[in-house]
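# Structural characterization, general
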Amino acid sequence: MNKTALITGASKRIGKAISEHLAHNGWNVIIHYNTSEKEAINLSEELSNKFPLQSFPLVKADLSQPTEVQNIIPALLNNIKQLDLLINNASVFDQAYIHETSAGLFDIQMNVNLRAPFILGREFMVNCKKGNIINLVDTRITNNMSDYAAYSLSKKGLWELTKMAAIEMAPDIRVNAIAPGVTLAPEDKDDSYLLGLAEQIPMQKPGGVQPILQSIDYILENEYLTGQLLFADGGENLGKSINKG
């Protein structure tokens, strides 16, 4: 029987790449979306055509609304026998220094990036009993830059939640995190933007999604790994690259 994964924010960008990767590896993938309905439907149809023996159902939920979040997993389990993997990928990423951050901006970052994974993880533990949870954090958690203050705090909190949950949910559920760095350009930027950022990190090149996918594989294959953070960031967490010129 194929294992089943729930991926939040699965219809676009990193979430889409993860969905395609797991599907290629034989997983059923539950594609969560909120506003990207067209992209989610297209992805489900594309994967269903490529992998007809697997299933790719859709689930719509606004992760900023706790009542919607807490109903996702119980509702899914009315239709599927088992959920084996939760990947908390969805996030909002809004720029603002502390002095610019309104209560509303702070709340939306926390609600989507931290509270939703908390609730989903709790429901996974209560209802699924065993499996894996992978949280997507950010290499920004290693510094105290405040240009994305609320976002960075939400991701710092998600890493702390990862460690806390790994203790409480062991041994039946393993909980780990991945910290991407220079991965994909924002939708309003081109690749030159990424290349400029990458000049400042040790590997001096963007990583793309492949390091994230390889990190997921490693976590799933290493059954003794829990409460750990894999930096898929080209060494960015270590500090800026040294100019050898």
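Residues numbered from 1 in each chain as written. Predicted model: local features only at pLDDT ≥ 70, side-chain atom pairs only at ≥ 80, totals over all residues. Heavy atoms only, no water.

## Describing the pattern of salt bridges
Considering all chains together, one arrives at 4 salt bridges under this definition. A salt bridge links Asp 147 to Arg 140; the nearest nitrogen and oxygen atoms lie 3.2 Å apart. Residue classification places Asp 147 among the buried positions, given a relative accessible area of 13%. (Salt bridge = Lys/Arg side-chain N within 4 Å of Asp/Glu carboxyl O. Buried < 20%, exposed > 50% of the residue type's maximum accessible area, 1.4 Å probe, protein only.)

## Re the nonpolar core
Within the largest apolar cluster, 28 residues are counted, with the highest numbers of intra-cluster contacts made by Ile 18, Leu 22, Ile 31, Leu 85, Ile 87, Ile 134 and Ile 216. If you tally residues by element for this core, the top one is helix α7 (residues 210-221), at 5 residues. When neighbours within four sequence positions are excluded, Ile 216 is seen to be in contact with Ile 18, Leu 22, Ile 87, Ile 134 and Ile 178. (Core = buried A, V, L, I, M, F, W, Y, C linked by side-chain atoms within 4.5 Å. Helix = DSSP H or I, 4+ residues; strand = E, 2+ residues; numbered from the N terminus. Contact = heavy atoms within 4.5 Å.)

## Observations concerning the sheet that holds strand β1 (residues 4-7)
The sheet built from 7 strands is open, its strands ordered β3-β2-β1-β4-β5-β6-β7 with parallel pairing. If you trace the sheet from one side to the other, it starts and ends with β3 (58-60) and β7 (229-232), each paired once. For this sheet the average axis-to-axis angle between neighbouring strands, irrespective of direction, equals 20°. Alignment of strand β2 (residues 28-33) against β3, held across 3 bridges, turns out to be parallel. (Pairing = 2+ DSSP bridges. Axes fitted to C-alpha atoms, helices over the stretch in contact; angles between N-to-C directions.)

## Quick notes on the layout of surface pockets
As a volume, the second largest pocket reaches approximately 350 Å³. If you go around the second largest pocket, you meet 14 residues; those closest to its centre are Lys 3, Trp 27, Asn 132, Arg 174 and Leu 220. Per-element accounting of the lining of the second largest pocket gives the leading share, 3 residues, to α7. In terms of residue class, the lining of the second largest pocket is made up of 3 nonpolar, 4 polar and 7 charged. (1 Å grid on protein atoms, 1.4 Å probe; cavity = no way out; pocket = protein on both sides within 12 Å on 5 of 7 lines; lining within 4 Å. Points joined across faces, edges and corners; volume = space filled by probe spheres on them. Nonpolar A, V, L, I, M, F, W, Y, C, P; charged D, E, K, R; others polar.)

## Describing the pairing of strand β5 (residues 131-136)
Buried residues dominate β5, accounting for 6 of its 6 residues. Across the two faces of β5 the burial is the same, with Gly 131, Ile 133 and Asn 135 and Asn 132, Ile 134 and Leu 136 all buried. Here 4 bridges tie strand β4 (residues 85-88) to β5, and the two strands are oriented parallel to one another. The partner of Ile 87 across the bridge, within β5, is Ile 134. For the crossover that starts at β4, traverses helix α4 (residues 103-128) and ends in the parallel β5, the hand is right-handed. For β5 and strand β6 (residues 173-180), the ladder comprises 6 bridges, and the chain directions are parallel. Within the sheet, the bridge partner assigned to Gly 131 lies in β6 and is Ile 173. (Right-handed = clockwise from strand over helix to strand, strands pointing away.)

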